Amino acid sequence: MVKIKQLYEGKAKKVYETDDPQYLIVSYKDDATAFNGLKKGTIAGKGVINNRMSNRLMKMLENNGVPTHYVEELSDRDTVVRRVSIVPLEVIIRNISAGSFSKRYGVEEGIVFARPTIEFSYKNDELGDPLLNDDHALALGLATEEEIAEIKRLAFRVNDVLKQFWAGCGVTLVDFKLEFGRLPDGKIILADEICPDTCRLWDSKTKEKLDKDRFRRDLGGVEDAYAEIMRRLNEAME
Ligand code: UDP
């Protein structure tokens, strides 16, 4: 499969049309943004790590009953994915309080929830991805009731699989963001990426952050954290 034409360039990836209309090629960049694009930078080697990590996790999810857009890794940065129409919802699962949850509700980071939470935001950069509930998503026609139910079921399944996998790597899965897409026949599948840009991953013992919060919060050691989390994944998958 070959790139024919760039469809668009996002914050962390470029997306290309291919010679087959059912498939796209995504190309992962080292560019990093935070706070809705206000903070910009690069994280050397991030694109390679995110490409590999996302692909390996998606494969694992496929093996555990979660359909994904992943098809084939072409190179360090390039991957073939199924072409979908993205459901314009950011789906966030949380196991532990952090980030915008802590800020919104005025609680410290690190509270372990009795059960995971799910929330949606409307994928819309101009509006700053506002939080919305199921009824709002329905009212806005962003998804059907059946699609929302399926998205929730799959998102919690993803959490179960990934939480267990990362625990085996000595890593706590704090929270993460997923995006889902529709195939032409209406089937909902997992799309986008799963990587340290989109997950909070803490060392289980030291609570050290091994994710994009090191960039967002200027904690230093960003590249090292990405390399370390990749090393742990590789080790666990050998
Ligand atoms: N997240 C993401 N993209 C976004 C917003 C959040 O990938 O546009 C991820 C983020 O990395 C974290 C989880 O979703 O793992 C929850 O993020 P939160 O709502 O706490 O927002 P943040 O504090 O990152 O702004």
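Scroll up a little and you will see the structure.
This section reports on the structure supplied with the text. (Residues numbered from 1 in each chain as written. Predicted model: local features only at pLDDT ≥ 70, side-chain atom pairs only at ≥ 80, totals over all residues. Heavy atoms only, no water.)

A few words now on unusual backbone geometry. Look at Phe 35: it is not a glycine, yet its phi comes out positive at around 55°. In the Ramachandran plot, Lys 207 falls in the positive-phi region, its phi being about 65° despite a non-glycine side chain.

Read across the sheet, 5 strands follow the order β1-β2-β3-β7-β6 without closing on themselves; strand pairing throughout is antiparallel. Of all the strands in the sheet, just β1 (3–9) and β6 (70–73) have a single pairing partner and so form its edges. For this sheet, the mean inter-axis angle between neighbouring strands, taken without regard to orientation, is 30°. On the sheet, helix α1 (residues 46–63) packs against β3 (23–28), β6 and β7 (78–82) and is oriented at approximately 130° with respect to β6. (Pairing = 2+ DSSP bridges. Helix = DSSP H or I, 4+ residues; strand = E, 2+ residues; numbered from the N terminus. Axes fitted to C-alpha atoms, helices over the stretch in contact; angles between N-to-C directions. Contact = heavy atoms within 4.5 Å.)

By secondary structure assignment, the location of Lys 46 is in helix α1. Overall, Lys 46 belongs to the buried group, its relative accessible area being 1%. Ignoring any residue separated from it by four or fewer positions in sequence, one finds Lys 46 in contact with Ala 12, Lys 29, Asp 30, Asp 31, Ala 32, Asp 197 and Tyr 226. (Buried < 20%, exposed > 50% of the residue type's maximum accessible area, 1.4 Å probe, protein only.)

Bridging between β1 and strand β2 (residues 13–18) involves 5 bridges; their strand directions are antiparallel. Its bridge partner being in β2, Gln 6 is matched across the sheet by Tyr 16.

All right, on to the state of the cysteines then. Per the stated rule, a full pass over the model turns up 0 disulfides. Cys 195 takes part in no disulfide bond, and the closest cysteine sulfur to it belongs to Cys 199, at a distance of 6.5 Å. Cys 195 gets classed as buried once you look at its relative accessible area, which sits at 1%. With a relative accessible area of 6%, Cys 199 lands in the buried category. (Disulfide = S-S within 2.5 Å.)

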